Amino acid sequence: MARLMVSKKKEIRSILESIRSLLNVISLFHVWLYLLLGKHYEDHVLKSESYFTHDSRMLNLHNIIFHNDTTCISQLRMNRYTFFKLCGMLRTIGKLKDTRHVTMEEITTLFVHILAHHVKNRVIINRFMRSGETISRHFNEVLKGVIRLQSHLLKQPEAVTETSTDPKWKWFKNCMGALDGTYIRINVPEVDKPRYRTRKNDIATNVLGEGSAADSRVLRDAVSRRHGLKVPRGFYYLVDTGYPNGEGFLAPYRGQRYHLNDWRTGYQPTTPQEFFNMKHSSARNVIERCFGLLKRRWAILRSPSFYPVQTHNWIILACVLLHNHITREMPTDPFRELPFTENFIHPQGEPLEYVDASDQWQTWRNTMATEMFNEWMATTSVDKDSTASIAPRVGKHQWTPSEDAKLVESLYELYSMGTWKCDTSFKSCYLVQLEKMLATKIPAAGLRACPHIESRTHPAAKGLFRKPFPHYDTLIEIFGKDRANGLGATTPAAEEEAIEASAANDFNGTTHFEDGFEGIEVSSTQPQPSQSGTSLGKRNAISEESILTKQISEEVQKIEGLSLLDVLKVGKDISKDLYMSNVFLSLPDAKRKEMVSELLKGRNPTN
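These numbers were taken from a predicted model, which means no experiment stands behind them. Numbering of residues starts from 1 in each chain and follows the order in which that chain's sequence is written. Note on the predicted model: pLDDT of at least 70 is required for a residue's local features to be given, and 80 or more for side-chain atom pairs to be given and counted; whole-chain, interface and lining totals, by contrast, use all residues. The side-chain numbers reported here are obtained from all heavy atoms of the structure, hydrogens and water having been left aside.

1. Some points on empty space enclosed by the protein
Here's step 1: Think of a 1 Å grid over the protein atoms and nothing else: a 1.4 Å probe that fits but is trapped marks a cavity, an open set flanked by protein within 12 Å on at least five of seven lines marks a pocket, and residues with an atom within 4 Å of a point count as lining. Grid points are joined across faces, edges and corners, and a volume is the space filled by probe spheres set on the points. Considering all chains together, one arrives at one cavity of 30 Å³ or more under this definition.
Here's step 2: Space inside the largest cavity adds up to approximately 40 Å³.
Here's step 3: Around the largest cavity, the lining residues are Val-102, Glu-106, Ile-107, Leu-110, Arg-130, Thr-134, Ile-135 and His-138.
Here's step 4: Among the elements of the structure, helix H4 (104-117) and helix H6 (132-147) are those that each provide at least two residues to the lining of the largest cavity. For helices the rule is a DSSP run of H or I covering at least 4 residues; for strands it is a run of E covering at least 2, with both sets numbered from the N terminus onward.

2. Quick look at the packing of helix H2 (residues 69-76) against H4
Here's step 1: Running from N to C, H2 and H4 cross one another at 65 degrees; their axes reach a closest spacing of 8 Å. Contacts between H2 and H4 involve Ser-74, Gln-75 and Leu-76 from the former and Thr-109, Val-112, His-113, Ala-116 and His-117 from the latter.
Here's step 2: Classifying every residue of the contact of H2 with H4 by side-chain character gives three nonpolar, five polar and no charged. Note on method: axes are straight lines fitted to C-alpha atoms, helices fitted across the in-contact stretch only, with angles between N-to-C directions ranging 0 to 180 degrees. Contact criterion: two residues are considered in contact whenever any of their non-hydrogen atoms come within 4.5 Å of each other. When residues are sorted by character, Ala, Val, Leu, Ile, Met, Phe, Trp, Tyr, Cys and Pro go into the nonpolar class, Asp, Glu, Lys and Arg into the charged class, and all the rest, Gly among them, into the polar class.

3. Points about unusual backbone geometry
Here's step 1: Although it is not a glycine, Arg-77 sits at a positive phi angle of roughly 65 degrees.
Here's step 2: Tracing the sequence through the fold places Arg-77 in the loop between H2 and helix H3 (80-92).
Here's step 3: When its relative accessible area of 9% is taken as the criterion, Arg-77 is described as buried.
Here's step 4: Even without a glycine there, the phi angle at His-118 is positive, about 50 degrees.
Here's step 5: For His-118, the position within the fold is in the loop between H4 and helix H5 (121-128).
Here's step 6: For His-118, a relative accessible area of 17% corresponds to the buried category. Only protein chains enter the accessibility calculation, which uses a 1.4 Å probe. A residue is then buried if its area is under 20% of the maximum for its type, exposed if over 50%, and partly exposed in between.

4. Some details on H6
Here's step 1: What a helix should span is 1.5 Å times the count of its residues minus one. An ideal rise of 1.5 Å per residue puts 22 Å on 16 residues; H6 measures up with 23 Å between its terminal C-alpha atoms.
Here's step 2: Among the 16 residues that make up H6, 13 are buried, leaving the element largely enclosed by the rest of the structure.

5. A short note on the nonpolar core
Here's step 1: Among buried residues, those of type Ala, Val, Leu, Ile, Met, Phe, Trp, Tyr and Cys that are joined through side-chain atoms within 4.5 Å constitute a nonpolar core. Core analysis: the biggest nonpolar cluster contains 50 residues, and Phe-111 and Trp-298 have the highest contact counts within it.
Here's step 2: Apart from the residues lying within four places of it in its own chain, the contact partners of Trp-298 are Leu-76, Arg-77, Val-112, Leu-115, Ala-116, Cys-319, Leu-322, His-323 and Ile-326.
Here's step 3: Of all hydrophobic cores here, the second largest spans 19 residues; its members include Phe-172, Cys-175, Leu-238 and Ala-369.

6. Some words on the pattern of salt bridges
Here's step 1: Between Lys or Arg on one side and Asp or Glu on the other, a salt bridge is scored when a side-chain nitrogen of the former is within 4 Å of a carboxyl oxygen of the latter. Summed over the entire model, instances satisfying the criterion amount to 19 salt bridges.
Here's step 2: One salt bridge connects Arg-91 with Glu-105, and the closest N-O pair in it is separated by 3.3 Å. Residue Arg-91 is found in helix H3, and its partner Glu-105 is found in helix H4; the two are separated by 14 residues along the sequence.
Here's step 3: By relative accessible area, Arg-91 is classed as partly exposed at 33%.
Here's step 4: Using a relative accessible area of 16% as the deciding quantity, one classes Glu-105 as buried.

Below you can see the structure in the form of structure tokens.
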């Protein structure tokens, strides 16, 4: 009986072993079947899905640029002919080409679509079915390619001829056009915000320079650059009152009616100055319309983005170049009216090297205004009694022009000393110092700090409307919020040189171009990647500081009569204070020498 029980146990054990072996075989079969199905899915299903994505991309591209001109203009701001001609120029001149997976038409569409609608990276990823890295890389490549077109797309200035019949421009012979700046809001590192802060407290870059720079200083910087603004002698641009009325730049009269709204109520000019301002405003208004059209066409110029400043400057240049391309190739542009066309001449001659107001230019403007007014009066009947003259307000102390000149001169002396200046105002008790200075210069005037000087240095803006402002340039230098150092200013030709140099470095294994598009979604408070323990923003700040120090050192060495020790001492004192550095670079040569003399006498503004 015992042997029978043992035999049954062995038999049951054998059956269980067989079942276990069978289950192992079944498990191995399922594993093999799973791997086989996975291989089939990878080789067939995923491959068919990739083809489906490619077909979707091509269908999306076809709907944008091949469907009709209306859709193409809506999405890319240009018709199909203009778009394909741009692609051809980017291939031949911009040095771009198709890649294995992306065509030139697709990356150009992507680039122009971003400029036209200012869409972010995450939106473009879904709209064009590409990765963020692919979008960023090709965006920067096309941006460089468009900058390379600057020699072909930048319009050369043309002067008004003697036989011009255009009612707006016929008064201004040899005028090359209008010149002005406009603000484009941007995001910059905290250390650079003072340079880009405008008088309205916005952080913006001017198309002519940093946002905080005064118009007159930006103009002088633009003229002095190697690839800067070139104005042949005998020709000129129309500018507003923010610029000096000097050779090459014709400004309107201050204290007179100027804006077009002043003439739409039936008021007729009664003096040569008013008539000159009316015609000047009518002609110069073209630059305001151009800026409005540029921002209406490209949405990326209407709101700030998180591109680096250099990339943003390139984007502004690219928008201008594409605007010129569209204007040249599209016969009908829904974003603008057709311009007046007339024969012009190309100005030639030695360019100006410096910009400043001059008595000779003032006399020439007065002569032009008188001739224009007399010609207009000879052909137009004007009711001289249609407007009533406004009598000047009588105050307790009537300031004379000579007293105003001495007051501004004293203010400028305090400003140059540096010890009395703080941000955009002066330190306390500066009125007493002004009283002492004026008592020395004009003792018979009897001017006191309060109320005479105080009321004159803090005028009510309402009382200055249509009043003369003869010392505007000096006062804007004294009270302006100019913290610009010129490092952010650039020109298309200079940027093309930088791109070619960058391409050469890339070929040699070194890359200096920063990818700005990937940072568009990054918060401004998020820390940036660092290399060797030094952040990118800090490295750029150190580089800009070195450039500024070198620039100051070069300018100090130009001052005659200084020993090597004097150059080292003054250069060190000025360079270690950013505000003093900007003030020094903004001064003319005579004032720089005066400032250096004061520093050497022991009146150090940094103390």
